[in-house]
Amino acid sequence: MPGGDVGVGLVGRLASILPSPVLESDGKLDGAIDHRIIVCTLCRDIPTGIRSGESLCADLRSRLAACHEPAVAHGFTVEGVECMAGCERPLTVAFQAPGKASYLFGSIDCEADAGDLVRFARLYASLADGWCNSGPRPPRLAGKTLARIPALGKLAGDSR
């Protein structure tokens, strides 16, 4: 190949010309938002029939921005999505991050549970692999956990 790139491939050539991301002392990429909270915007509140996902997104963004911990205030993005198939337990909210277990919560009450969702965001940000049992989760979310999905690449035989 021209230029001595034999066997390097496109990724290797690009890596050699693109700047490397800077790692901060906590191991996160400089300025990277790596945690996501996803809220169903199609779910309707059962008693009222109101779709409250968008307002929950706005409330969570505001509450997260007010947090004093940078990993929480600047490390999360809140996104709305139409349907996460939790229709039997509306409103559904998911937490995701690279290399971490993901969580899906259902039967979320926007007013009563927003504070506990932010408390869970603090906990989730602090967990290297995202894995926790129901004990450390905020009490209002313990019975609302629909799924905990192991991180991609987690060994099937790992009993944790």
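A. Quick look at the packing of aromatic side chains. Summed over all chains, the structure comprises 9 aromatic pairs. Aromatic side chains Phe76 and Phe95 sit 6.5 Å apart centroid to centroid with 80 degrees between the ring planes, which places their arrangement in the edge-to-face category. Of this pair, Phe76 sits in strand E2 (residues 76-81) while Phe95 sits in strand E3 (residues 93-96), placing them 19 residues apart in sequence. Residue Phe76 is classed as buried on the basis of its relative accessible area, which comes to 8%.

B. Layout of the nonpolar core. With 33 residues, the main nonpolar core has Ile37, Val39, Leu56, Phe95 and Phe120 as its most contacted residues. Among the secondary structure elements, those contributing two or more residues to this core are strand E1 (35-40), helix H2 (53-65), helix H3 (70-73), E2, E3, strand E4 (102-105) and helix H4 (110-126). Ignoring sequence-local partners within four residues, the contact set of Phe120 consists of Phe95, Tyr103, Phe105, Cys132, Arg137, Pro138 and Leu141.

C. Here's a closer look at H4. Its 17 residues place the ends of H4 24 Å apart at the C-alpha level, agreeing with the 24 Å of an ideal helix rising 1.5 Å per residue. Among the residues of H4, those classed as buried are Cys110, Asp113, Ala114, Gly115, Asp116, Leu117, Val118, Phe120, Ala121, Leu123 and Tyr124.

D. Fine view of the sheet that holds E1. Taken together, the 5 strands give an open sheet; going across it, the order is E2-E1-E3-E4-E5, and neighbouring strands pair in mixed fashion. Each of the sheet's edge strands pairs with one partner strand only, and the pair in question is E2 and strand E5 (145-149). Neighbour-to-neighbour, the strand axes of the sheet open up by a mean angle of 15 degrees, direction not taken into account. Two elements, E1 and E3, share 4 bridges in a ladder whose sense is antiparallel. Bridge pairing in E3 links Arg36 to Gln96. Along the sheet, H2 contacts E1, E2 and E3; its crossing angle with E2, the most-contacted strand, is approximately 175 degrees. Helix-sheet contacts for H4 involve E1, E2, E3 and E4, and the interaxial angle to E3 is about 15 degrees.

E. Structural view of the confidence of the model for the chain. When the pLDDT values of the chain are averaged, the result is 80; 75% of them are 70 or greater. Under a pLDDT of 50 for its full length, residues 1-31 has, in the predicted model, 16 contacts with residues more than four places off or in other chains.

F. Structural context of the pattern of salt bridges. Enumeration over the complete set of coordinates arrives at 6 salt bridges. In this structure, Arg122 and Glu69 form a salt bridge, with 2.9 Å as the shortest nitrogen-oxygen distance. With a gap of 53 residues between them, Arg122 in helix H4 and Glu69 in the loop between H2 and H3 connect regions that are remote in the sequence. Taking the shortest distance from any N to any O, the salt bridge between Arg140 and Asp113 comes out at 2.4 Å. Taken together, the positions of Arg140 in helix H5 (residues 139-142) and Asp113 in helix H4 put the pair 27 residues apart, joining distant regions of the chain. In this structure, a network of salt bridges that share partners links the residues Asp113, Arg140 and Lys144.

G. Representation of the packing of H2 against H4 in the model. It is at 10 Å that the axes of H2 and H4 come closest, and there the two elements cross at 45 degrees. The angle between the axes of H2 and H4 places the two elements in the oblique class. Here H2 and H4 pass one another in a crossing that is right-handed. For the pair formed by H2 and H4, the contact residues are Leu56, Asp59, Leu60, Arg63 and Leu64 on the first element and Cys110, Ala114, Gly115, Leu117, Val118 and Ala121 on the second.

H. Expanded view of unusual backbone geometry. Along the chain, Pro90 connects to Leu91 via a cis peptide bond; the corresponding omega equals 0 degrees. Assignment of secondary structure puts Leu91 in the loop between E2 and E3. Of note in this structure, Ala85 is not a glycine but carries a positive phi near 60 degrees. Structurally, Ala85 can be placed in the loop between E2 and E3. For Ala85, a relative accessible area of 67% translates into the label exposed.

Rules behind the numbers
Residues numbered from 1 in each chain as written. Predicted model: local features only at pLDDT ≥ 70, side-chain atom pairs only at ≥ 80, totals over all residues. Heavy atoms only, no water. Phe/Tyr/Trp six-rings, centres within 6.5 Å; stacked < 30°, edge-to-face > 60°. Helix = DSSP H or I, 4+ residues; strand = E, 2+ residues; numbered from the N terminus. Buried < 20%, exposed > 50% of the residue type's maximum accessible area, 1.4 Å probe, protein only. Core = buried A, V, L, I, M, F, W, Y, C linked by side-chain atoms within 4.5 Å. Contact = heavy atoms within 4.5 Å. Expected span 1.5 Å × (residues − 1). Pairing = 2+ DSSP bridges. Axes fitted to C-alpha atoms, helices over the stretch in contact; angles between N-to-C directions. pLDDT = per-residue confidence, 0-100. Salt bridge = Lys/Arg side-chain N within 4 Å of Asp/Glu carboxyl O. Parallel < 35°, antiparallel > 145°, perpendicular 65-115°, else oblique. Left-handed = near helix turned anticlockwise from the far one by under 90°.

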